[in-house]
Amino acid sequence: MSSSSQPPYEDPRDESAPPDEPRVGVDSWVATHEGRREQAAGISGRIRDWWRRTPPAGRLLVFLIPAIIFPLVSNSGNIYRYGILTLIYALLAYGLTIVVGFAGLLDLGYIAFFGFGAYAYGYLASQHTGHHWHAEIALPVVVVASAVLGIILGSPSLRLLGDYLAIVTLFFGQAFVIFVNNANRIDFPFFGQVDLTGGAQGLEGVDPLNFFGYKVSTNKGYFYVAVIMLVVIVTMLHLVNHSRTGRAWRALREDPLAAEVLSIPVNRLKILAFAFGAAVAGLIGCLYSSIQTLDAPGDYSVGLLITIYAIVILGGAGSLSGVIIAALIVNGVPELLRNPSNGRYVFYVGLILVLWYFLKTWQRLLIVLGGTLVFGWVLYGISSLVWDRGTSGRPVVDPETGSNWLSTAISHWMLTPTDRTQIANWAFFGLVILIMIATLVRGWWQVVVLIPTVWIAAFAWENLLFTPDQINGPTRLLLLGTVLVVLMNARPQGLFGTRQVEIV
Amino acid sequence: MSSSDGPDTKPLLELRGVTKSFGGLRVIDHLDLHVDEGEIVSVIGPNGAGKTTLFNLITGVYTPDAGEILLGGESITGIAPHKITNRGIARTFQNLRLFLNMTVRENVMASQYGRTRATVFESILLLPRARREEKEIKARAEERLSFFGQRLTGYRWDQPAYSLSYANRRRLEIARAMATQPQILLLDEPAAGMNPAETHEITELIGEIRRDGYTILVIEHDMHVVEGISDRVIALDHGAKIAEGSFDTVATSEQVVEAYLGIKGAKEAAAEDE
């Protein structure tokens, strides 16, 4: 063996002179490469950098302070639509973070635990059953029961990995919905027919949360209860994540075999993760059921499951701060879009952001935007001379909000034909073709193609998507989907997620 | 733990007639093997000889079809892998199995699960035992990592494992296995994919680990490494032991040459020698 030959690289063990500044190409320079690249990424990089240096308690405060102020400056309806719903989504996502983000188990039956918690609370405290347990007793009982259910479901799932676990848990989730739909006429021996869940009508008259005789009755009260739960759960998750249990969860997510061989009882920890996730979901179920005063079977369906998964993935699986931001986006964007003039802002701002991301330079962005404006005016001018009907339809203005500067500006720029629907359908088709061409061509051709593409996108928006019958239905979801696709493309690892490396 | 090299030392690890088949293929065939305390034993053999299966059997990843595996005189046959690790067997993997998205320090701390007792509730409530254990295993992880000089210390502690070079990943895996404080360390091809300088270093490192009192069973293909470290060499072919003894004895054994080169090749090699 030629041990005498000089190694062709710097020996990092050369302890004689550790340089203050790592030299280019040397071990520690390579190691900090990722950090430098993130830092260089402009404003968002600086924000992330600042965020990383903020201690966990400080991060929590960043959310807590606006959360405390919000109900004081908002009305009851907005507290419910923006505040409570977002918090419930976030709380559910935190429970799922344990199972999916930490332990890496694809649990598609998660919502059933949420439903179980809701129905269990409804059973313990409602007019339906006549029991009226106080929350300080009911909540712990439901939490423990949910955890036990988690263990029961988790145990047979131990040998199942990946897709198989997903199938079995999905079945459990569906079975739960069918069960609550039909559990109003179960014949028990000795007891006779018992109505457990109220069937398809749901379990009605659920009590408000009653802590030691103090009843939470307003949306503001529930909002603060949810905030407290959030703080407790986030703190708990942070501490667990940095304990031996959390490390073991993450280890088994990364490599179950290596974890097992390194003294980690993989099976027990999987069940523990299931039980923990179920307990959190059960607790949130109690909160939800007392806010709704009704447990309806339809609330615990696959749709909610997908929403919660979207939040966990968008936030960055395993990231605690990402969940809140993602919940705000997933709940907030569709709620904002309920107001049509907001929808218009969201569309145009989103369009510009997408273009910026796509074109990467300010110069090209300005050229495309300017070109689109000129293109629109020219078309408008020509049309008003030769084709009256092309400009006779007004852009949709919501009767409640009336016209604002944006709608006025657009009505002098965009073609709005009287018989718009058919033309707009063809425009939509043309838009898809143009987008395909725009992704195929390169350089200045791309800029040239993008100008009519952006215009026709705006045309389709004003004439097809932004009509009264569309805005509250498909358009809202279409926009939410677009927002999600853009965000996921921009940060595939999630907003606050760290890049997961599989094989290097 | 101190190493003693007397002839009367009892075997630390012993395999008695261990057999393992996958379907019709007998991968390990009535294998008897022992490793004494303080020894470095190398297992060699051509690809498919059953070396890694042997490691999987010892660490409990597979259960033997027949035979018995004893650690310090007690049977560990059929026990779950994590319990076997707690009894004092640690291993590395041929194709690295690090927790790539965890930091270097966390990789080692994760291996301390079996050496800590705090429940999840103690961790949430930050009770004294949880905090004390956390401090202990952090210190132990850092101490284990500093075994490799500056390579895995300092700024490296908080780097994700995927940012490490290949050689450093191998080192981290060894550090992680050593941190479980085993009686016997199983290294599966520690020098695979290393350049000559790194291979040389690994050889010295294994010697250093032995001086720390570890018993080592190692699979290795690089004969320079095997020669440099082994007290005893065991050659496997088709799941059976074909030679055992000092490096020179095994390396010159006709059967071993045959297993590596085939009968014809062995004859040619013999002709060249003469």
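Reading guide: rules and limits
Residues numbered from 1 in each chain as written. Chains lettered and ligands numbered in written order. Predicted model: local features only at pLDDT ≥ 70, side-chain atom pairs only at ≥ 80, totals over all residues. Heavy atoms only, no water. Helix = DSSP H or I, 4+ residues; strand = E, 2+ residues; numbered from the N terminus. Buried < 20%, exposed > 50% of the residue type's maximum accessible area, 1.4 Å probe, protein only. Contact = heavy atoms within 4.5 Å. Areas by Shrake-Rupley, 256 points an atom, 1.4 Å probe, with all protein chains shown as cover. Domains from an automatic or database assignment. Pairing = 2+ DSSP bridges. Axes fitted to C-alpha atoms, helices over the stretch in contact; angles between N-to-C directions. Buried area = accessible area lost by both parts, 1.4 Å probe. Salt bridge = Lys/Arg side-chain N within 4 Å of Asp/Glu carboxyl O. Nonpolar A, V, L, I, M, F, W, Y, C, P; charged D, E, K, R; others polar. Core = buried A, V, L, I, M, F, W, Y, C linked by side-chain atoms within 4.5 Å. Bend = angle between axes of the 7 residues up to and from the residue. Polar contact = N/O pair within 3.5 Å; in protein donor to acceptor, adjacent residues only side chain to side chain. Parallel < 35°, antiparallel > 145°, perpendicular 65-115°, else oblique. Phe/Tyr/Trp six-rings, centres within 6.5 Å; stacked < 30°, edge-to-face > 60°. Lys NZ or Arg CZ within 6 Å of the ring centre and 35° of its normal.

**A word on the overall build of chain A**
Helix and strand content of chain A: 22 helices and six strands. Every one of the 504 residues in chain A was classed for burial, and the buried ones make up 48%. The contacts of chain A with a sequence gap of at least 6 include a subset with a gap of at least 24, amounting to 74%. Total accessible area on chain A stands at roughly 24,800 Å², and carbon and sulfur atoms take up 68% of it.

**Here's the deal with the domain arrangement of chain A**
Partitioning chain A into structural domains gives domain 1 (52-338) and domain 2 (341-471). Relative to domain 2 of chain A, the C-alpha centre of domain 1 of chain A lies at a distance of 42 Å.

**Brief notes about the environment of Leu185 of chain B**
All names here are of chain B. Within the fold, Leu185 resides in strand E7 (residues 184-188). Separated by 94 residues in sequence, Leu185 and Arg91 place their C-alpha atoms 5.7 Å apart. Residues in contact with Leu185, not counting those within four places in the same chain, are Ala90, Ala177, Met178, Ile209, Thr215, Ile216 and Leu217.

**A word on the sheet that holds strand E6 (residues 89-91) of chain B**
Residues and elements named next belong to chain B. One open sheet accounts for six strands, arranged E6-E7-E8-E3-E9-E10; its pairing is mixed. Looking at the sheet topology across the chains shown, the edges are occupied by E6 and strand E10 (240-245). Across this sheet, the average inter-strand angle for adjacent strands is 20°, counted without regard to direction. Pairing between E7 and strand E8 (residues 215-219): five bridges, direction parallel. Across the sheet, Leu187 pairs through a bridge with Val218, a residue of E8.

**Quick notes on the sheet that holds strand E2 (residues 25-36) of chain B**
Residue and element names in this part refer to chain B. A sheet is described by the order of its strands in space; here four strands give the open sequence E2-E1-E4-E5, paired in antiparallel fashion. Strands with a single pairing partner mark the edges of an open sheet, and in this sheet they are E2 and strand E5 (74-75). Direction of pairing for strand E1 (residues 11-22) relative to strand E4 (residues 66-71): antiparallel, over a ladder of five bridges. Paired with Glu14 across the bridge in E4 is Leu70. The strands that helix H1 (residues 51-58) touches are E1, E2 and E4; relative to E1, the one it contacts most, it runs at about 115°.

**Description of the pairing of E4 of chain B**
Residue and element names in this part refer to chain B. Here E4 runs beside E5; their pairing, made up of two bridges, is antiparallel. Paired with Leu70 across the bridge in E5 is Ser75. Count of turn residues in the E4/E5 antiparallel hairpin: two residues, of which Gly72 carries a positive phi of about 60°.

**Quick word on the interface of chain A and chain B**
Between chain A and chain B, the residue contacts involve 43 residues of the former and 49 residues of the latter. At the boundary of chain A with chain B, total buried surface from both sides reaches about 4,300 Å², with 60% on carbon and sulfur atoms. Here chain A is connected to chain B by three salt bridges. In this structure, Glu134 of chain B engages Arg247 of chain A in a salt bridge whose closest nitrogen and oxygen atoms are separated by 3.0 Å. Elements supplying a minimum of two residues to the side of chain A that touches chain B: helix H1 (27-31), helix H9 (219-241), helix H10 (244-254), helix H11 (256-261) and helix H12 (266-292) of chain A. Among the elements that make up the side of chain A that touches chain B, the one with the highest residue count is H10 of chain A (eight residues). For the side of chain A that touches chain B, the class distribution of residues is 21 nonpolar, seven polar and 15 charged.

**Some remarks on unusual backbone geometry**
Across the chain, the bulk of peptide bonds are trans and the bulk of non-glycine residues have phi less than zero. All names here are of chain A. Here the phi dihedral of Phe212 falls at roughly 50°; this positive angle occurs in a residue that is not glycine. With respect to the helices, strands and loops of the structure, Phe212 is situated in the loop between strand E4 (210-211) and strand E5 (214-215). Here Ser263, not a glycine, exhibits a phi torsion of approximately 70°, which is positive. Within the fold, Ser263 resides in the loop between H11 and H12.

**Let's talk about the nonpolar core**
Ranked by size, the top nonpolar core spans 141 residues in total, and within it Ile88, Leu92, Tyr94, Phe114, Leu209, Trp249 and Leu287 of chain A carry the most contacts. Here the element with the most residues in this core is helix H5 (residues 76-102) of chain A; it accounts for 15 residues. When near neighbours in sequence (up to four residues on either side) are disregarded, Phe114 of chain A contacts Ile88, Leu92, Ala281, Ile284, Gly285, Tyr288, Tyr300 and Leu304 of chain A. The next biggest cluster of nonpolar side chains, apart from the first, holds 37 residues, and it includes Met109, Phe148, Trp157 and Ala161 of chain B.

**Here's the deal with the side chain of Thr215 of chain B**
Checked against the element boundaries, Thr215 of chain B lands in strand E8. Excluding anything up to four places from it in sequence, Thr215 of chain B contacts Leu12, Val35, Asp36, Glu37, Gly38, Glu39, Gln183, Ile184 and Leu185 of chain B.

**Some words on the pattern of salt bridges**
Under the counting rule described, the total for this entry stands at 23 salt bridges over all chains. Residue Arg81 of chain A is joined to Glu335 of chain A by a salt bridge in which the shortest nitrogen-to-oxygen separation is 3.1 Å. Taken together, the residues Arg81 of chain A in helix H5 and Glu335 of chain A in helix H14 (residues 320-336) connect sequence positions 254 residues apart. Arg81 of chain A gets classed as partly exposed once you look at its relative accessible area, which sits at 28%. What makes Glu335 of chain A buried here is its relative accessible area of 9%. As a salt-bridge pair, Arg87 of chain B and Glu74 of chain B come within 3.9 Å of each other at their nearest N and O atoms. Placement of Arg87 of chain B in helix H2 (residues 81-87) and of Glu74 of chain B in strand E5 is noted, with a sequence separation of 13 residues between them. What makes Arg87 of chain B partly exposed here is its relative accessible area of 35%. One salt-bridge network, in which partners are shared between bridges, spans Glu39, Arg232, Lys241 and Glu244 of chain B.

**Considerations on the environment of Ala327 of chain A**
All names here are of chain A. Structurally, the position occupied by Ala327 is in helix H14. For Ala327, a relative accessible area of 0% gives the class buried. Here Ala327 is in contact with Thr86, Tyr89, Ala90, Ile311 and Gly332, once residues within four sequence places are set aside.

**Topic: H5 of chain A**
Note that an α-helix has 3.6 residues per turn; residues three or four places apart therefore point the same way. Residue and element names in this part refer to chain A. The axis of H5 is deflected most strongly, by about 45°, at Leu96. The buried fraction of H5 amounts to 21 of the 27 residues, a majority that puts the element mostly inside the structure. One side-chain oxygen of the residue at the start of H5 lies 3.2 Å from the amide nitrogen of Gly77, identifying that residue as Asn75.

**Describing the packing of helix H6 (residues 110-124) of chain A against helix H8 (residues 163-182) of chain A**
The description of two packed helices rests on the angle between their axes and on the distance between the axes. Residue and element names in this part refer to chain A. Two elements in contact, H6 and H8, have axes separated by 9 Å at closest approach and are oriented at 30°. Between H6 and H8, the angle is such that the two are roughly parallel. Between H6, through Ala112, Phe113, Gly115, Phe116 and Tyr119, and H8, the contact on the second element is made entirely by Phe172, Gly173, Phe176 and Val180. In terms of residue class, the contact of H6 with H8 is built from seven nonpolar, two polar and no charged.

**Some points on the packing of aromatic side chains**
One pass over the full model with this rule turns up 17 aromatic pairs over all chains. Ring centres of Phe223 of chain A and Tyr224 of chain A lie 5.8 Å apart, and the angle between their planes is 80°; this geometry places the pair in the edge-to-face category. Judged by relative accessible area, which is 4%, Phe223 of chain A ranks as buried. On the basis of relative accessibility, which here comes to 24%, the residue Tyr224 of chain A falls in the partly exposed class. Taken together, a centroid distance of 5.0 Å and an interplanar angle of 80° make the contact between Phe347 of chain A and Tyr348 of chain A edge-to-face. One exposure class covers both Phe347 of chain A and Tyr348 of chain A, and it is buried. An aromatic cluster of three or more residues is present, and its members are Phe114, Tyr119, Phe176, Tyr288 and Tyr300 of chain A. The ring centre of Tyr113 of chain B lies 4.0 Å from the NZ or CZ of Arg244 of chain A, which sits over that ring. Its end group placed over the ring of Phe99 of chain B, Arg176 of chain B keeps NZ or CZ at 4.7 Å from the ring centre.

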